[in-house]
Amino acid sequence: MAVRTVNSVSLFRSTSPPSSSPMPSLSASFHRYRQIRAFQYLQLSSRFPICKPMLELRYYNNFKTDGRRSYSVQSFVDSVMEEFEALRRRRTVRASNKSVLTSSKELVEDKLRKQVLQKGLLLEFKKDSERILLAVAQKPDGRKNWIVSDQNGVTTSIKPQQITYIVPGIDNFDTTNISDFNQRAQNSLDPTLLEFAWTELLEMNKSVTVEELAEMIFGSAEPVESYCAHLLLSRDEIYFTVLDSKGSCIVYGPRPSVQVEELKRRMLAKEAADKEFHEFLDLLKSAKKMPPRGKPSKCSWKVEEKIWHRIESLEAFAIDACKDDGQTNIAGAILKGMSLPKTATAAVNLLIDIGYFPVHVNLDLLKFSIRTNYPDKILSAAESLLLESPDTDKDDRVDLTHLKVYAIDVDEADELDDALSATKLPDGRIKVWIHVADPASLVQPGSMIDREAMQRGTSVFLPTATYPMFPEKLAMEGMSLRQGTNCRAVSVSVVLRSDGSIAEYEVNNSTIKPTYMLTYESASELLHLNLEEELELRTLSEAASLRLQWRRGQGAIDTGSLETRIKVENPDDPEPSIRLYVEDQRDPAMRLVSEMMILCGEALATYGSLNKIPLPYRGQPQSNIDTSAFDHLPEGPVRNSAIVKIMRAAEMDYRKPIRHGILAIPGYVQFTSPIRRYMDLLAHYQVKAFLRGDALPFTAGQLEGIAASVNMNARIAKKLFSSSLRYWILEYLRTQPKQRKYRALILKFVKDRNASLLLLEVGFQASAWVSIGSHVGDEVVVRVEEAHPRDDILALKEVVQVT
């Protein structure tokens, strides 16, 4: 019978197999009396090492109660005291025993008897970073390695450094008995035994080997007990530390009390944290099981700080935006706890499954940290501007309310910032007006709202939403052009020569009263009807034709193609409503508007150059592209697509105009979208200050500095628009009937018969394998095999026409 202590209470554990008859329950007083006397014994005996079975109950009284054996309290106490005296007499003998615990001050080398690996020995080895197995040594494998058969019946060659323990006292162990041996050891594991041993060894300042610990706590160093002691020590993180080792032979020493208390505190804190973490995982699992409309709202995950901290880390990991290793580790632990791979895709899908992200979450919107809301102070400042409605140019405005004014834009446009007028002069020449909204009459450079607009750089247009550069109410009510309402504008009037070149121009602050708000479709229909009462619209169309003809004569390159627009309603629903429009940029109304915008940009560049006004002049360095090299290609999208590939990026100058080779004009300034683009607003600030006779707010150098950050934000917005448009086109194709067929134009061959195609009904470029005999410019028919918008996958297959 061996003794161990837990919290100063003696427990007795038999080393012999338990009797088949259960021990009867003792009365409370009997049990308490036995604990007190045994505790007194342990206090007296703490001076002696405990290396042998500590107690044998040689004297006891048997009596029967319902056929079961009981024990006499008196005989128990007497035997304890007798054993104590015997232990004290044997103290001198035990001190010289080779198995006695050696002082940690002595050389631990005495304990490190390196075992020689032989066939038939039972050993423990490290299979990999997560698995430790028992195995039997079979035969050497080379000079150092050994072939072993593990507990799963698998034969492996292992290196000496993989061996973590050799079980002593075993020869020719049978591999079929490994599982039973391991189970017996596992059944004897009791971490509280380590606390008892630690207390004794710390008091005596002793170190211990595995076998010595087995003798101490089990009263035996037999193989099972030794292996069990090894398991306790190798898994222990509190009481013992490794003092030295040779191969699988290790000497352990008790940690100082202060260190143990600290480790216990940490362990308890970790257990509490683990419990909290598993409760969080249970919360995620519960949310995953809920129906889509019953899942927790996004804001509900932010209520409790500890939950929000983990969700925030998971979100950062999903969009590759972790601030530090802490967030990465938290996200990784969550994914592992949910049995998911540690990937951004897995994090995204998990956040969708719990309802935090909508099914069609725009990850790029999160990655680029796009400003989607305005601070309260900006909204308040915007409200004040609307109430005050200051206009420093009211005495200098030209009244153009008598003109018929056409505002033409897409049907979902909220911010209308340009409109057109035209008339025939008595000499037959055409005079056009490009009216541009005048936000600079409300917002001054350097103001709070101006700084906010500059940080945004541009309005962001997505299929699901628009995030305006100015607060929505200010942009729509105070700045936009509105039908039938007197509106502030900056009007650029241009008289054209008969060949389409500019004869004269003016720039003025103005007041206009828009007559029509037209979509491109309705404007094209009016042009097609050729109504007498819409003579001004026909005159605008005639002016646009003259301009296009003149620019082509100057070397302009036509890059017009199909353009796709998508409007998504209820985008947070798993199956939102998607409306797709394909616009041909060669459409009469679109041609009309684009030519007038180019005309305005040329006139402003000339105006700025003549008056030496620093402006964001935009140019295109390729002034002489030899389009004849593409004459063999069919006109339209095929040829235009090939030409666009060799075009270089635009360049900027802030002191003087530079030629725009693609448009074939001597200079160009973007001026017609000051509500949507900050660079256009900068041009307005400069021009309006010049019209008033004030000092210009910006030098060329200042413009260049501002443009650096503004253009970067504009590029991000453009990239966001492109990725979002592509996502929703793929989602549109995914939801279409599988049997639907699409007409496609072959733009070029990428490799072999793999061709780049333009889907004519979608206005979208993709690739597919086409049959032999097809050529660039040919039209083929395809259908969608696969479409996965989240993974950006589209697989098309040609539908071979049977003749």
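Conventions used here
Numbering of residues starts from 1 in each chain and follows the order in which that chain's sequence is written. Totals for whole chains, interfaces and linings use every residue, but because this is a predicted model, local features are given only for residues with pLDDT of at least 70 and side-chain atom pairs only at 80 or more, for both listing and counting. The basis for the side-chain values is all heavy atoms of the structure; hydrogens and waters are excluded. For the purposes of this entry, the term helix denotes a DSSP run of H or I that reaches at least four residues, the term strand denotes a run of E that reaches at least two, and both are numbered from the N terminus. The buried label goes to any residue with under 20% of its type's maximum accessible area, the exposed label to any with over 50%, and the partly exposed label to all in between, with areas taken from a 1.4 Å probe on protein chains only. We call two residues in contact when some of their heavy atoms are within 4.5 Å. The Shrake-Rupley method, run with a 1.4 Å probe sphere, supplies the accessible areas, and residue values consider only the shown protein chains as cover. To qualify as a nonpolar core, a set must consist of buried Ala, Val, Leu, Ile, Met, Phe, Trp, Tyr and Cys residues joined through side-chain atoms within 4.5 Å. What counts as a ring pair is set by centres within 6.5 Å for rings of Phe, Tyr and Trp (its six-membered ring), and what kind of pair is set by the plane angle: stacked under 30 degrees, edge-to-face over 60, tilted for all other angles. Lysine and arginine charges are scored as sitting over a ring when NZ or CZ, respectively, is within 6 Å of the ring centre and within 35 degrees of the ring normal. Helix axes use the C-alpha atoms of the stretch in contact, all axes being lines fitted to C-alpha atoms, and the angles between their N-to-C directions lie in the range 0 to 180 degrees. Throughout this description, any angle smaller than 35 degrees is read as roughly parallel, any larger than 145 degrees as roughly antiparallel, any in the 65 to 115 degree range as roughly perpendicular, and the remainder as oblique. Any carboxyl oxygen of Asp or Glu that lies within 4 Å of a side-chain nitrogen of Lys or Arg is treated as forming a salt bridge with it. Any two strands with at least two DSSP bridges between them are considered paired. To estimate the expected span of a helix, count its residues, drop one, and scale the result by 1.5 Å. Only four residue types enter the charge count, namely Lys and Arg as positive and Asp and Glu as negative; His and the chain termini do not. Think of a polar contact as two N or O atoms within 3.5 Å of one another; within protein, one of them needs to be a possible hydrogen donor and the other a possible acceptor, and neighboring residues in sequence only count if both atoms come from side chains.

A. Geometry of the overall build of the protein. Looking only at helices and strands, the protein has 21 helices and 30 strands in total. Counting across all 803 residues of the protein, residues that qualify as buried make up 46%. A separation threshold of at least 6 residues defines the contact pool for the protein, and within that pool the share at least 24 residues apart is 66%. Working note: accessible area of the protein is about 40800 Å², and carbon and sulfur atoms make up 50% of it.

B. A look at the nonpolar core. Val432, Ile434, Leu540, Leu592, Met596, Leu604 and Phe671 are the most contacted members of the largest nonpolar core, which totals 43 residues. Here the element with the most residues in this core is helix α18 (residues 588-610); it accounts for 12 residues. Ignoring anything within four residues of it in the chain, the contact list for Leu604 reads Val492, Val507, Leu615, Val669, Phe671 and Val687. In terms of nonpolar packing, the next biggest core, distinct from the first, is built from 39 residues, Tyr374, Leu416, Leu442 and Val710 among them.

C. Focus on the packing of aromatic side chains. Within this structure, the stated rule accounts for 11 aromatic pairs. When the ring of Phe181 is compared with that of Tyr227, the centres are 5.7 Å apart and the planes differ by 40 degrees; the resulting orientation is tilted. Here Phe181 is found in helix α4 (residues 178-187), whereas its partner Tyr227 is found in helix α7 (residues 223-235), with 46 residues between them in sequence. The exposure class assigned to Tyr227 is buried, which follows from its relative accessible area of 3%. An aromatic cluster is defined as three or more aromatic residues linked by ring pairs; in this entry it consists of Tyr165, Phe173, Phe181 and Tyr227. One residue, Arg456, lies across the ring of Tyr374, its end atom 3.6 Å from the ring centre.

D. Spatial organisation of the packing of helix α16 (residues 520-529) against helix α17 (residues 535-553). Interaxial distance between α16 and α17 falls to 10 Å at its minimum, and their mutual angle equals 95 degrees. One finds that α16 runs roughly perpendicular with respect to α17. Contacts between α16 and α17 involve Ala523, Leu526 and Leu527 from the former and Leu537, Arg538 and Ser541 from the latter.

E. Seen up close, the pattern of salt bridges. Tallied over the entire structure, the rule returns 42 salt bridges. Notably, a salt bridge pairs Glu595 with Arg551, separated by 2.5 Å at the nearest N-O pair. Taken together, the residues Glu595 in helix α18 and Arg551 in helix α17 connect sequence positions 44 residues apart. By relative accessible area, Arg551 is classed as buried at 6%.

F. Region of the structure containing the sheet that holds strand β10 (residues 208-209). Here 3 strands make up an open sheet; going across it, the order is β10-β12-β11 and the pairing antiparallel. With one partner strand each, in any of the chains shown, β10 and β11 (240-246) form the two edges of the open sheet. Judged from the 6 bridges that link them, β11 and strand β12 (residues 249-254) form a sheet pairing that is antiparallel. By the bridge assignment, Thr241 is partnered in β12 with Gly253.

G. View of the sheet that holds strand β26 (residues 742-751). With antiparallel pairing, the 5 strands of this open sheet are ordered in space as β28-β27-β26-β29-β30. The sheet terminates laterally at β28 (764-769) and β30 (793-798), the two strands that pair on one side only. Each strand axis lies, on average, 50 degrees off the axis of its neighbour in the sheet, ignoring direction. Bridging between β26 and strand β29 (residues 779-788) involves 4 bridges; their strand directions are antiparallel. Its bridge partner being in β29, Ala744 is matched across the sheet by Val780. Against the sheet, helix α19 (residues 637-646) contacts β26, β27 (754-759) and β28, and its axis sits at roughly 40 degrees relative to β26. Against the sheet, helix α21 (residues 700-735) engages β26, β27, β28, β29 and β30, with an angle of about 100 degrees to β29.

H. Quick peek at unusual backbone geometry. Positive phi, normally seen in glycine, also occurs at Asn530, with a value near 55 degrees. Relative to the helices and strands, Asn530 resides in the loop between α16 and α17. Under the relative-accessibility criterion, Asn530 is labelled partly exposed at 43%. A positive phi is found at Asp752, a non-glycine position, where the angle reads about 50 degrees. Counting through the fold element by element, Asp752 comes out in the loop between β26 and β27.

I. A look at α7. Between the first and last C-alpha of α7 there are 18 Å, a value that for 13 residues agrees with the 18 Å anticipated at 1.5 Å per step. Across the 13 residues of α7, 10 count as buried, placing the element largely inside the fold. Taken residue by residue, α7 has Pro223, Val224, Ser226, Tyr227, Cys228, Ala229, His230, Leu231, Leu232 and Leu233 as its buried positions.

J. Structural detail: the environment of Val669. Assignment of secondary structure puts Val669 in the loop between β25 (651-653) and α20 (678-692). Setting aside anything within four residues of it in sequence, one finds Val669 in contact with Gly601, Leu604, Ala605, Leu615, Pro616, Tyr617 and Ala683.

K. Up close: the environment of Ala346. Following the sequence through the fold, Ala346 ends up in helix α11 (residues 344-353). Separated by 28 residues in sequence, Ala346 and Ala318 place their C-alpha atoms 7.8 Å apart. Those residues in contact with Ala346, other than ones at most four positions away along the chain, are Leu335, Leu340 and Pro341.

L. Focus on the side chain of Lys295. When you line up the elements, Lys295 lands in the loop between α8 (257-289) and α9 (305-318). Among buried Asp, Glu, Lys and Arg side chains, Lys295 stands out as unpaired, with Asp353 the closest opposite charge at 6.2 Å. A distance of 3.0 Å separates a polar side-chain atom of Lys295 from the backbone oxygen of Met290. Of note is the side chain of Lys295, whose polar atom sits 2.6 Å from the backbone oxygen of Asp353. Discounting residues that sit within four places of it in the chain, Lys295 has contacts with Ala287, Lys288, Met290, Asp353, Ile354 and Gly355.

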